[in-house]
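Here are the chains, one letter per residue:
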Amino acid sequence: MTRAGSSGLPRLPGALAALLVAGLCLGTLVPLLLRAGEGTLGGADWASLRFTLEQAALSAGVSVVLAIPVARALARRRFPGRGALVTLLGAPFLLPVIVAVMGLLALFGRGGLLNDALGALGWPRVSVYGLHGVVLAHVFLNLPLATRLLLQGWLDIPAERFRLAATLNAPVWAVLERPMLRAVLPGAFAVIFALCLTSFSVALILGGGPAATTMELAIYQAIRFEADFAGAAQLALLQYALCGAAAALAFALSRGPVLGAGLGRAVERWDAGGLGARLGDAAWIGAAALFLLVPLTLAVLRGLGGLDDLPGEVWDAMGRSLGVALGATALTLLLALALALKGGALAQAAGALPLAASALVLGTGLLLLLRPFVGPSAAALPVTALADALLALPFALRAVTPALAEVEARHGRLAESLGITGLARLRIVVLPLLRPVLGFSAGLAAALSMGNLGVIALFAGQGQGTLPLLMAQLMGAYRMDAAAGVGLVILGLALGLFWGFDRGGRLDAASR
Amino acid sequence: MLRLDRLELELGSFRLSADLEVARGASVAVMGPSGGGKSTLLAAIAGFLAPQAGRVLWDGRDLGPLPPGQRPVGVLFQDNNLFPHLSALQNVALGIRPSLRPRAEERARAEAALARVGLGAFGDRRPAQLSGGQQGRAALARLLVQDRPLVLMDEPFAALGPALKAEMLQLTREVLTGRGATLLMVTHDPEDARAIAESVIVVAEGRAAPPVPTGRLLADPPPALRAYLG
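Residues numbered from 1 in each chain as written. Chains lettered and ligands numbered in written order. Predicted model: local features only at pLDDT ≥ 70, side-chain atom pairs only at ≥ 80, totals over all residues.

### Let's talk about the overall build of chain B
Keep this limit in mind: Secondary structure elements follow DSSP: runs of H or I no shorter than four residues count as helices, runs of E no shorter than two count as strands, and numbering proceeds from the N terminus. Each radius of gyration reported is based on C-alpha atoms, and the globular scaling rule is 2.2 Å times the count of residues to the power 0.38. Burial in this document is a count-based property: other C-beta atoms within 10 Å of a residue's C-beta are tallied, and the residue is buried at 20 or more, exposed at 12 or fewer, or partly exposed in between, with C-beta positions derived from the backbone.
Of the regular secondary structure elements, chain B holds eight helices and 11 strands. A compact globule built from 230 residues should have a C-alpha radius of gyration of about 17 Å, and chain B, at 18 Å, falls within 12% of that. Principal-axis analysis of the C-alpha atoms gives chain B an extent of 50 × 40 × 30 Å. The 230 residues of chain B split such that 46% are buried.

Rendered as C-alpha cells:
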C-alpha cells in the first residue's frame, strides 16, 4: 500500500459533486417516471423516434464515409496550411450550431447561393428543409470530428509499418489501412450517432412537421405548444433510454480522447506517389475545406450585413447569455475539479453521466420538478446555466483528469515531503499548475454555453431569451438579416470567450 | 540514530527486507543493481510507502504514524525537486512553512540559505531560468532551511556532468553533513560513494544489508555488487 496521493488532496467536495451530478442526471428520471404513466405514446411519437434514428444513422454514416478519403489525404500529404486545416477541424466543436445552420442556409437555402445559381441556369430550385437538410447540417457539424478520429487512427499506425510495407511492396490498403479502419470506424460512427440523437437546433430550423421531427423537437413541442407534460415525460423517458444506450455503445466502441492533440505530423509514405493519387487527395482536401469554409464565411458576411438590423432586444439577451455562460463555466470548473480530485471509477462515471443526458430531457425533468414551486420563467436562466454546465462537464473532466494525474505524479511526493497537504496543496501546487488546462476547460464550457439552444427554449418566458433563442425566433419570423447579425454576435462572443479563457490560463504559466 | 527494525516492504510482487542501523551524523551511500530496491527503501523511510511489517525508528521513536511532511526527514528526489511555477525564494521558503507568502524573518532565512549555496542574486528566478546546477543548489538551500536531522537523496545529481556533480557533492558535504545531518544517498557511482560516504548500504537480492565501511566494501565487493560494478 502506498501512502502518496491517498491523503494529500481534498476529496470530500468530489463526493458531493458526484452526488450532485448523479442526482441531476438520474434524479430527473423520477418526475419523468411519475408523470409518464398518465399518457400513451401515439403514432406521431413513434414517427419522431423513427426519424431520430434514421437521421442519426444517415448523418453518422455519411460523415464517417466521407471522412475516410479526407483523413487519408491529410494523413499522407504535407502542404502549407495543413496545420491550420487540422486546427479548423477542431473548431466546429465550439461553433454555435445555430450559426452553422445559418451559414448552410446562406449556401443551400431558399435565397442561398446554390439556388440563385440553379435559378440563373433555369434549373429547378432545391429545398434544404426535411430529412436531407437535417443530415446535411449534421454532416457539416460532424465531418470534422469524424475526420479527426480517423486521422488519429492513421497516425497511430507506426511509421515503421509503412516502411516495412514499402520494402515488401505490400498493398498498404489491405495490410495496414483496412484493418485500422475496421477498428476505428465503429467507434467514430457510434460517437457521431449518439451526438446526432440529441440534436435540437438543427431539427428546429431545418426539420419539423410530421415527417421530420426529432425526439428533442417533439419534447419541446409537447411542452411549449400543447402543455402536454405527461406526453413530454414519456418522450423524455424514451429519449433517455435511447441516448443512454447510444452513449454506452459509443463509450464501449471508441478509443482515445476525442479532443486529443498531436495530429500535427504527416506520415512518410511510399505508395500513392502517382499523379492520380496526388490529384485525388488534393481534390478531397479542397472539397472538405470548401464545404466547411464557405458556409462559415457566408454566415460571417451575412452577419456583418445584418449588424445594422440588430433588434433592440439584443443587448438584454447578450447580458443574459453572458450571465448564463459565465455561471455555467464556473460550475463546470468546480464540478470537474472536485471530481478529478476525488478520482476513482465512481467520480469518472459520474462525470460521464451527462453524455447520456440530453438538454431537453434534463430540462423536462427539471421543469417537472420545479413547476410546483416556481414558475418556469423564474427558473429559466439558472436552470439553463446548470444544464449547460452539466453538458460541458464530461469534456472538462476529460481535460482536467490527466493533467491533475501528471501534476501529482511529478510533484506529489515533493509536496508531501514538505507537508503541503489539503487546501494548501490545492492553492500552492495544484491550481497554479493546472491553470492552462482549467483555462482551456473554461473556454470550452463558456463557448458551448454561449451557443447552446436547448433548455432555454423550454423555460424562457417573454423577454427572457438568450442570444441563441433570440436568433431562432428571428429566423422563425423570417427576419434573416437580423438573425444573421445576432448569429455573428454569438459567434464572436463564443470564440472570444474561448480565446480569452484559454489565453488567460496559459499566460505566464510554467510548464507542468 | 536511524534504525530499520525488521522492516519488510512490498511493492506489487517486489519484496525487500532491511534490519540495520545508521549512526547519527553518518553519511551513507546506498548502492546496488537497478531495480534492486534502493528507491523503495528511501520511500519507506520518507513515509511514501507503508511497510508490511517492522518499524522505521529515529532516535528510538517509531515514525510509522507520521505522514511524510511531519517526519524528521528531508528529501531530494532524482528530479522535480522544485515547483516550476514558483521562484527560487518561494521554493526555498516552502521548506519552512507551507505558504506562498513567507513572513519577513522566514524570507530572511530563505535568502540567507540561497546566499549560502551561492544563489544570493537568483531568488526571483523560476526553475526554468536556472541551470541544472543552480536548480540543485536551490534544492539544497531548501534542505538547509528545513533543518531536518535525516536527509535522503535519490541520485539527486545524476543528470549533471561529472565536474558539476563533484561540486554539488562538495557543497552537500559543506552545508548539510557539516552541520551534523545524517545522510543516505542513492548512487550508481563508486566515486560518489568515495567522495561523500564513509559507509555503504548494499541493496540487492531483496535485502538491504547493514552499512559497511566504503573503502573496505569497494576494495572487496560482495558478488551482487561486483556483478553490478563490473
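### Overview of the overall build of chain A
Our working rule: By definition, residues are in contact whenever their C-beta atoms, placed on the basis of the backbone, come within 7 Å of each other.
A count of helices and strands for chain A gives 21 helices and zero strands. The C-alpha atoms of chain A give a radius of gyration of 24 Å, which matches the 24 Å a tight globule of 512 residues would have. C-alpha extents for chain A along the principal axes are approximately 65 × 60 × 45 Å. A buried classification covers 51% of the 512 residues belonging to chain A. A sequence separation of at least 24 residues applies to 86% of the contacts in chain A between residues at least 6 apart.

### Observations regarding the pairing of strand 4 (residues 53-58) of chain B
Residues and elements named next belong to chain B. Here is the rule: Between any two strands, pairing holds if DSSP finds at least two bridges.
In this structure, strand 1 (residues 2-11) lies alongside strand 4, joined through five bridges in antiparallel fashion. Looking across to strand 4, one finds that Arg3 is bridged to Leu57. Counted between consecutive antiparallel strands, the loop separating strand 4 from strand 5 (residues 61-62) contains two residues, among which Asp59 sits at a positive phi close to 50°.

### Side note on the interface of chain B and chain A
In plain terms, the rule: In the scheme used here, Gly and all other residues not listed as nonpolar or charged are polar, with Ala, Val, Leu, Ile, Met, Phe, Trp, Tyr, Cys and Pro taken as nonpolar and Asp, Glu, Lys and Arg as charged.
The interface of chain B with chain A comprises 22 residues on the first partner and 22 residues on the second. Within the side of chain B that touches chain A, the residues separate by chemical class into 14 nonpolar, seven polar and one charged.

### Digging into the domain arrangement of chain B
Residue and element names in this part refer to chain B. Condition: In this entry, domain limits derive from an automatic or database-based domain assignment.
What the domain assignment reports for chain B is domain 1 (2-72 + 148-229) and domain 2 (84-147). The distance between the C-alpha centroids of domain 1 and domain 2 comes to 25 Å. Tallying the contact residues gives 12 residues for domain 1 and 11 residues for domain 2. No other element matches the five residues that helix 5 (residues 162-175) contributes to the side of domain 1 that touches domain 2. Residues that form the side of domain 1 that touches domain 2 fall into these classes: 10 nonpolar, one polar and one charged.

### Comments concerning the nonpolar core
All names here are of chain A. Where we set the bar: As used here, a nonpolar core is made of buried Ala, Val, Leu, Ile, Met, Phe, Trp, Tyr and Cys residues. They are joined through C-beta atoms within 7 Å.
Residues Val101, Ile192, Leu390, Ala396 and Val400 are the most contacted members of the largest nonpolar core, which totals 250 residues. For this core, the element with the highest residue contribution is helix 17 (residues 376-417), accounting for 21 residues. The contacts of Val101, once residues within four sequence positions are left out, are Ala137, Ser201, Val202, Ile205 and Leu206.

### Description of the environment of B:Ala29
All names here are of chain B. Along the chain, the position of Ala29 falls in strand 3 (residues 27-31). With 159 residues separating them in the primary sequence, Ala29 and His188 have C-alpha atoms 9.4 Å apart. Filtering out sequence-adjacent residues up to four positions away, Ala29 remains in contact with Met185, Thr187, Asp192, Ala193, Ala197, Val200 and Thr214.

### Focus: helix 1 (residues 12-27) of chain A
All names here are of chain A. Here is the rule: Expected helix span is taken as 1.5 Å per residue step, with the number of steps being one fewer than the number of residues. Taking the helix axis as origin, the arc is that swept by the directions to the C-beta atoms.
The terminal C-alpha atoms of helix 1, which comprises 16 residues, lie 21 Å apart, in line with the 22 Å expected from a rise of 1.5 Å per residue. Listed as buried for helix 1 are Gly14, Ala17, Ala18, Val21, Leu24 and Cys25. Each buried residue of helix 1 sits inside an arc of 140° when the element is viewed along its axis, so together they form one side. Turned more than 90 degrees off the buried face of helix 1, the exposed positions are Leu12, Leu19 and Gly23. Contact partners of the buried residues in helix 1: helix 14 (314-342), helix 15 (344-356) and helix 17.

### Observations regarding unusual backbone geometry
Residues and elements named next belong to chain B. Its identity is not glycine, yet Asp147 carries a phi of approximately 55°, on the positive side. With respect to the helices and strands, Asp147 occurs in the loop between helix 4 (132-146) and strand 7 (150-154). Unlike most non-glycine residues, Glu155 shows phi in positive territory, near 45°.

### Describing the pairing of strand 2 (residues 14-22) of chain B
Residue and element names in this part refer to chain B. By the bridge criterion, eight bridges tie strand 1 to strand 2 in an arrangement that is antiparallel. Bridge pairing links Leu7 to Ala18 in strand 2. Direction of pairing for strand 2 relative to strand 10 (residues 207-208): parallel, over a ladder of two bridges. Bridge pairing links Ala18 to Ala208 in strand 10.

### Description of the domain arrangement of chain A
Residue and element names in this part refer to chain A. As far as domains go, chain A holds domain 1 (8-38 + 310-512) and domain 2 (51-305). Placing the centre of domain 1 and that of domain 2 at their C-alpha centroids yields a distance of 24 Å. Each partner contributes residues to the interface: domain 1 has 42 residues there, and domain 2 has 37 residues. Secondary-structure elements contributing two or more residues to the side of domain 1 that touches domain 2 are helix 2 (29-36), helix 15, helix 16 (359-370), helix 17, helix 18 (422-451), helix 19 (455-459), helix 20 (467-476) and helix 21 (480-506). The dominant element in the side of domain 1 that touches domain 2, judged by the number of residues it contributes, is helix 21, at 11 residues. Along the lines of polarity and charge, the residues of the side of domain 1 that touches domain 2 split into 31 nonpolar, seven polar and four charged.

### Concerning the confidence of the model for chain A
Reading fine detail from the predicted coordinates is not recommended where pLDDT is low. Just so we agree on the cut-off: One number per residue, pLDDT, summarises how confident the predictor is, and it ranges from 0 to 100.
Confidence in the prediction of chain A, expressed as mean pLDDT, is 87, and 95% of residues score 70 or more. Within chain A, the element-level pLDDT minimum falls on helix 15 of chain A, averaging 81, and the maximum on helix 14 of chain A, averaging 94.

### A look at helix 11 (residues 215-224) of chain A
Residue and element names in this part refer to chain A. Across the 10 residues that make up helix 11, a large majority, eight, are buried. Along helix 11, the positions that sit buried rather than exposed are Met215, Glu216, Leu217, Ala218, Ile219, Tyr220, Ala222 and Ile223. For helix 11, the secondary structure elements touched by its buried residues are helix 3 (43-76), helix 10 (201-206), helix 12 (229-253), helix 16 and helix 19.

### Comments concerning the packing of helix 2 of chain A against helix 16 of chain A
Residues and elements named next belong to chain A. As a reminder of what qualifies: Throughout, an axis means a line fitted to C-alpha atoms (over the contacting stretch in the case of helices), and angles, computed between N-to-C directions, take values from 0 to 180 degrees. The scheme is simple: roughly parallel for angles under 35 degrees, roughly antiparallel for over 145, roughly perpendicular for 65 to 115, oblique for anything else.
Contact pair helix 2 / helix 16: the axes reach a minimum separation of 8 Å and the direction vectors enclose 75°. Of the possible angle classes, the one that applies to helix 2 and helix 16 is roughly perpendicular. Across from Leu29, Pro31, Leu32 and Arg35 in helix 2, the residues of helix 16 making contact are Thr364, Gly365, Leu368 and Leu369.

### Some details on the packing of helix 17 of chain A against helix 18 of chain A
Residue and element names in this part refer to chain A. For the record, the criterion: The hand of a helix crossing depends on one turn: near helix anticlockwise from the far one by less than a right angle means left-handed, and clockwise means right-handed.
For the pair helix 17 and helix 18, interaxial distance at closest approach is 9 Å and the crossing angle is 160°. One element, helix 17, and the other, helix 18, form an angle in the roughly antiparallel class. Pair helix 17 / helix 18 crosses with right-handed handedness. Of the residues assigned to the contact of helix 17 with helix 18, the class counts are 20 nonpolar, three polar and two charged.

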